[in-house]
Structure formats: structure tokens, C-alpha cells
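# Fold and geometry: a report
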Amino acid sequence: MPKIILTDKLNEKVVKILEKAGFEVKIAWDIPKEDLPKIIGEYDAIIVRSDTKVRGDLFDKAINLKVIGRAGVGLDNIDMETALARNIKVVNTPAATTNSVAELALTMVLSSTRDVVKGTCEIKSDPSRFKSMKKELFSSEIDGKTLGLIGTGRIGTSLAVKCKALGMKAIGYDAYVAENPVVEMKLSVDDVLKEADYISLHLPLNKETQHMIGRDVISKMKKGAVLINCARGGIVDEHAAHDALESGHLGYYCTDVFENEPPSSDNPLLHHENVIISPHIGAQTKEGNMRASIQAAERVVEAFKEL
Ligand code: 3PG
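Quick summary incoming for the structure in this document. (Residues numbered from 1 in each chain as written. Predicted model: local features only at pLDDT ≥ 70, side-chain atom pairs only at ≥ 80, totals over all residues. Heavy atoms only, no water.)

## Thoughts on the site of the ligand
- By nearness alone, every residue bordering the ligand is listed as Arg49, Ser50, Arg70, Ala71, Gly72, Val73, Gly74, Arg232, His280 and Ala283.
- At 2.7 Å from an oxygen atom of the ligand is found a main-chain nitrogen or oxygen belonging to Val73.
- Here an oxygen atom of the ligand and a side-chain polar atom of Arg232 are 2.8 Å apart.
- When isolated, the ligand has an accessible area of 310 Å², and the protein chains bury 91% of it. (Near = heavy atom within 4 Å. Polar contact = N/O pair within 3.5 Å; in protein donor to acceptor, adjacent residues only side chain to side chain. Areas by Shrake-Rupley, 256 points an atom, 1.4 Å probe, with all protein chains shown as cover.)

## Quick notes on the packing of helix 5 (residues 98-114) against helix 8 (residues 154-165)
- The interhelical angle for the contact between helix 5 and helix 8, taken along N-to-C directions, is 50 degrees, at an axis separation of 8 Å. Relative to helix 8, the element helix 5 lies oblique. Taken as a pair, helix 5 and helix 8 cross one another with a handedness that is right-handed. Along its contact with helix 5, which presents Thr98, Asn99, Val101, Ala102, Glu103, Ala105 and Leu106, the element helix 8 presents Arg154, Ile155, Ser158, Leu159, Lys162 and Cys163. (Axes fitted to C-alpha atoms, helices over the stretch in contact; angles between N-to-C directions. Helix = DSSP H or I, 4+ residues; strand = E, 2+ residues; numbered from the N terminus. Parallel < 35°, antiparallel > 145°, perpendicular 65-115°, else oblique. Left-handed = near helix turned anticlockwise from the far one by under 90°. Contact = heavy atoms within 4.5 Å.)

## Considering the sheet that holds strand 5 (residues 89-92)
- Here we have five strands laid out as an open sheet, ordered 2-1-3-4-5, and parallel in their pairing. Each edge of the sheet is formed by a strand with only one pairing partner; in this case those strands are strand 2 (24-27) and strand 5. The mean angle between the axes of side-by-side strands here comes to 20 degrees, regardless of whether they run parallel or antiparallel.
- Relative to strand 2, strand 1 (residues 3-6) runs parallel, the two being bridged by four bridges. Counted as the bridge partner of Leu6 is Ile27 from strand 2. (Pairing = 2+ DSSP bridges.)

Interpretation note: all reported values are geometric properties and have no functional meaning in isolation.
Spelled out as C-alpha cells, the structure:
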């Protein structure tokens, strides 16, 4: 009977699926991550989200590991080169959380526009500011504005559909895709930056995208543009984003992700009023987590059949 360990919080349904397929299942989503190398050697398979880093010591000790399931999209927490070299299969669930992430990016579009976070913080700390904040929070509508997508895969396209339904125009650039049924595709990132009021990133983190959104790229955005990152922290140079907020060139930075998670308390983005933050919750919905959990379990079962 193959043994599988689940090290990040998944929907409980995975246990039934795996047990039915003949696995002995260990639920270990509360285990301190530093203890995993001590026990990983017993297991033939593991299912993770992004919190478990399947690299270094954990990989070295995983002497029986045959399959890694990632309940989610990003594979940047898994040492893919080592997995390939050791013939360990890696399966993920690329479409399971598309809608959840797109809905969060839409939340960023709307909340940056109407400054609801700033309003909440100010009024809670000083209710007498109610009337002055009403004057201060004089914003615009999103109707008629342009959404610029860097990356027009599943999530970018889903966000485009939602924003177009709200009256926005959707343009985008994707290094691998030239056409999209709902997005007006541009030939370069620069072509997107010069037109977009909101720029939303939908890219994986890899050597090509690391710090792709740096000073030069930000300087080509329209003054006051909103930058939305529900992808990966490392794609944006956080110091460049902070400096652009300080100078007023960037209107808002809305981020679900940081280069280092959790961010250190001296990260200047945490102290800037035009930064909206969520704690890597893009996929953190009941529906998204259920789809990702079930699909990851099913794919691990399939991968074992092919061994
Ligand atoms: C992903 O890559 O699927 C998202 O970043 C979500 O990661 P999570 O499952 O750890 O929340």
C-alpha cells in the first residue's frame, strides 16, 4: 500500500479519494515544516500547496518519493530539476483556482479605485474624519478604463471577461500567445503599459520573469496607473514599486504576494498608504480549494497507475 503525506491544508475530500485508491494517508498540514525531513523518507507521495517547499533537505531525505502533487498552479516551491533528474512525477491543477484568483484581482481593481481600504482604516482609527475623508476619497469609475494584462492565460482571460462586463476595455501581452478571444492583444509589454490604467500580472515566477517589473517597466506605465500582482512577489522589484509610489508615478500597488513571505516588518510597501495587501489568498476560497484538492488527489492516483 503506497503511503502519501498531505502537508498543506486541503479539502478533506482528498482523504476519501486517496484511501479509495488504496493509499495510506497521513494528514500533516499542521506539522512544523522543519520537521518534515525527519519523516518524509517513509512516503511514496506528497501533496502540497505553496507553503511546503519541496527542495533541499526535504528532497534529500525523500528517498522513496515517486509522485509530488501540487494542489494549485505555481511550481516555484518545487525543485523541478531534481524531480526530473530523480524521475519523480510532478502533477498540478492549473485550472482549479482560475476563477478564485481572477475574482481577487477584480477585487483589487475595485478597491484601489474607490479607496475602500484607506477609508476603512481612517474611519476606524478616527471616526471624526468621516466628512473630510468623504472629500478626500473622490475617485473615478472603472467604466471606460483600460485593463492591461501581462500574461493572458486562464486567469488573465477570466479577469478580462469580468472587467469587460463592467465596461472596461481589456488589452494584453503574452510572450507565448498572439490571439485571445476577449483580449485585444498587443505586440509588446510597452504597448500595454502606455494605454493601461490598471496593469494586472498573470505570469509564473521563473528566471525570465524575476524582477521583470522593475524601474524601467514601471516608468513606462501611465502616471497614476494601478499595478496588481496576484501572481508572484518576485516578479515585481518591490523597491522600484515603492519608489514609484513615493514619486506619485504609480497610483496604487495591490498585491497578494511578496518576494519573501511573510514580508519583513521593515518592507517599505507595508507602510505606504497606497498599497493594498492580501496574504496570498488568491486560491483561498472554498470552491477553489475544493477543486484543487480533488484534482490533485485524482492526478496523483493517475500518476501512480502510470508508474
Ligand atoms: C497557486 O500557485 O496555485 C497559488 O499561488 C495558490 O497557492 P496556495 O495553494 O498555496 O494558496
